[in-house]
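Understanding the architecture of this molecule
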Amino acid sequence: MSDQFINYNGNIISSTNPILGLQNRAFKYGDGLFETMRVVNGNVMFSDLHAKRLIQGMKLLKLENGNRFNSDFINQKVKELLASNAIYKDARVRLSIFRHDGGFYTPETNDSLYALEVSKINYSGYQLNKKGLLITTYKGMQKPLSAYSGVKSSNALLYVLAGIEAKESGFDELLILNSNGNIAETISSNIFIVKNEKIYTPALSEGGIDGVMRKAIISISKKEKINLTETIISAENLLLADEIFLTNAIKGVQWVMGYGAKRYFNKTSKLLIDHLNNHSLNG
């Protein structure tokens, strides 16, 4: 297997090179944030939305130099790294931003560093899952509601513990509830339900991550004149739904087959993933 390469703060180096010491603040305090992006046919999908969310998150976390992570910067650096790794079509990308070493809880500086990783995906475009997902509610921890709820923070302990429980219990995804007991999101996705041909998704005020694919689906729904409402959703609402689907930047749309004893269709999921693939070809 040939060497894989990463971009560490502007330098393309072997992924086997040690770059993070014990003083790294992302390691010590979860002091940073990240973006996970999808490359389709050599192009970073929705790079403008990723850049906007990243810059906003850096402002919230008081990380400096956020404006350099604009869409042009992301596209340039990702394409350079794809070429270094001989990846030409589809890939997964992770851009991690963290505060420079120094200090304890109180940092010595707000300067930021970054690390960029790419890995090949062995299929083209977005593909709807053939087998529907089985989901249930995570009861171990609720997500607090705050101005920081929508940030993709390096501090992901809630999602790690929920992921362990999902694996141990045999479910594909778990619902993350907020401190009011309503649905915020799932472990790795935003959630949508369909009832009587209308789509509903938790409002961002409910504590979910401000997902890029969530934004894309809302935009597509407006363009295609599909009725979509951002609102409060409880677990009980899922039992009344006709369909449930999840969205994230890597997989696009995934349909849910079951929650509890309830089983669902996937008509809307098929429609939306077709629109996503049209965007990836024409956008």
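Residues numbered from 1 in each chain as written. Predicted model: local features only at pLDDT ≥ 70, side-chain atom pairs only at ≥ 80, totals over all residues. Heavy atoms only, no water.

1. Some thoughts on the layout of surface pockets
Roughly 1100 Å³ of internal volume is contained in the largest pocket. Surrounding the largest pocket, 45 residues form its lining, Phe34, Lys152, Tyr159, Ile187 and Ile209 being those nearest its centre. Of all the elements in the fold, those that place two or more residues in the lining of the largest pocket are β3 (32–40), β5 (91–99), β6 (112–120), α4 (157–169), β9 (183–186), α5 (212–223) and β13 (243–248). Here the lining of the largest pocket gets four residues from one element, more than from any other, and that element is α4. Of the residues assigned to the lining of the largest pocket, the class counts are 20 nonpolar, 15 polar and 10 charged. (1 Å grid on protein atoms, 1.4 Å probe; cavity = no way out; pocket = protein on both sides within 12 Å on 5 of 7 lines; lining within 4 Å. Points joined across faces, edges and corners; volume = space filled by probe spheres on them. Helix = DSSP H or I, 4+ residues; strand = E, 2+ residues; numbered from the N terminus. Nonpolar A, V, L, I, M, F, W, Y, C, P; charged D, E, K, R; others polar.)

2. As for a nonpolar patch on the surface
A contiguous nonpolar surface patch, about 400 Å² in accessible area, is contributed by Met141, Leu157, Val160, Leu161 and Ile164. Exposure remark for Ile164: the relative accessible area of 41% places this residue in the partly exposed category. (Patch = residues over 30% accessible without salt bridge, like charges linked within 9 Å, V, L, I, M, F, W, Y side chains within 5 Å. Areas by Shrake-Rupley, 256 points an atom, 1.4 Å probe, with all protein chains shown as cover. Salt bridge = Lys/Arg side-chain N within 4 Å of Asp/Glu carboxyl O. Buried < 20%, exposed > 50% of the residue type's maximum accessible area, 1.4 Å probe, protein only.)

3. Topic: the packing of helix α2 (residues 47–60) against helix α3 (residues 71–84)
Two elements in contact, α2 and α3, have axes separated by 8 Å at closest approach and are oriented at 115 degrees. As judged from the angle between their axes, α2 and α3 are roughly perpendicular. For the pair α2 and α3, the sense of crossing is right-handed. Two secondary-structure elements touch here, α2 through Ser47, Asp48 and Ala51 and α3 through Ser71, Ile74 and Asn75. Along the lines of polarity and charge, the residues of the contact of α2 with α3 split into two nonpolar, three polar and one charged. (Axes fitted to C-alpha atoms, helices over the stretch in contact; angles between N-to-C directions. Parallel < 35°, antiparallel > 145°, perpendicular 65-115°, else oblique. Left-handed = near helix turned anticlockwise from the far one by under 90°. Contact = heavy atoms within 4.5 Å.)

4. Examining the nonpolar core
Among soluble globular proteins, nonpolar side chains are generally buried collectively. Counting residues in hydrophobic clusters, the biggest one holds 23 residues, and the most contacted among them are Phe69, Val78, Leu95 and Ile97. For this core, the secondary-structure elements that each account for two or more residues are β3, α2, α3, β5 and β6. If one sorts the elements of this core by residue count, α3 sits on top with five residues. With residues near it in sequence (within four places) discarded, Leu95 still touches Leu33, Phe34, Glu35, Met37, Leu54, Phe69, Ile74, Tyr114, Ala115 and Leu116. Met45, Val194, Ile199 and Ile220 belong to the second-largest nonpolar core, a separate cluster that totals 18 residues. (Core = buried A, V, L, I, M, F, W, Y, C linked by side-chain atoms within 4.5 Å.)

5. Concerning empty space enclosed by the protein
Where empty space is left in the structure can be found by rolling a water-sized probe over the atoms. Counting across every chain of the model gives one cavity of 30 Å³ or more. For the largest cavity, the calculated volume is near 30 Å³. Forming the boundary of the largest cavity are Phe73, Ile74, Lys77, Val78, Leu95, Tyr114 and Leu116. Broken down by secondary-structure element, the contributors of at least two residues to the lining of the largest cavity are α3 and β6. Partitioned by chemical class, the residues of the lining of the largest cavity number six nonpolar, no polar and one charged.

These figures come from the coordinates and say nothing about function on their own.
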